[in-house]
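Examining the three-dimensional arrangement
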Amino acid sequence: MNRSDILEIATHCITIDRAATHGSVENNFSTIGKIWSARLGIDISPEQVSIMLIDLKTVRAWSNPKHFDNWVDMAGYAACGGEIATTID
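Residues numbered from 1 in each chain as written. Predicted model: local features only at pLDDT ≥ 70, side-chain atom pairs only at ≥ 80, totals over all residues. Heavy atoms only, no water.

On to helix 2 (residues 25–40), then. With 16 residues, helix 2 extends 22 Å from end C-alpha to end C-alpha; this agrees with the ideal 22 Å at 1.5 Å per step. Contacts from the buried residues of helix 2 go to helix 3 (46–63) and helix 4 (68–87). Gly-41 sits one or two residues past helix 2 and shows a positive phi near 75 degrees. (Helix = DSSP H or I, 4+ residues; strand = E, 2+ residues; numbered from the N terminus. Expected span 1.5 Å × (residues − 1). Contact = heavy atoms within 4.5 Å.)

When its volume is computed, the largest pocket comes out at roughly 400 Å³. Elements represented by at least two residues in the lining of the largest pocket include exactly helix 1 (3–22), helix 2 and helix 4. Residue composition of the lining of the largest pocket, grouped by class: ten nonpolar, six polar and four charged. (1 Å grid on protein atoms, 1.4 Å probe; cavity = no way out; pocket = protein on both sides within 12 Å on 5 of 7 lines; lining within 4 Å. Points joined across faces, edges and corners; volume = space filled by probe spheres on them. Nonpolar A, V, L, I, M, F, W, Y, C, P; charged D, E, K, R; others polar.)

With respect to the secondary-structure elements, Asp-73 resides in helix 4. The class of Asp-73 is buried, set by a relative accessible area of 5%. Between the alpha carbons of Asp-73 and Thr-11 there is a distance of 9.9 Å; along the sequence they are 62 residues apart. Not counting the four nearest positions on each side in its chain, Asp-73 is found in contact with Arg-18 and Lys-57. (Buried < 20%, exposed > 50% of the residue type's maximum accessible area, 1.4 Å probe, protein only.)

See the structure below:
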């Protein structure tokens, strides 16, 4: 699998599959941020949710680097976080 394949699959996942199944990424990451904020006692923004989800996938990729889903998900979370960070005030 090459980098174009990974990005193409990630694009499909975040724009079609998961969006249709789970709703808007902005709403989801905002809700996750609120829940994590309440549990941890610190403010966590939707952009930080993206970074923390990438961290989760980083740990998984560290222990199983050949499992391509981890790489696809990292690319997808980075794209979602970047979009949220640059388009929402």
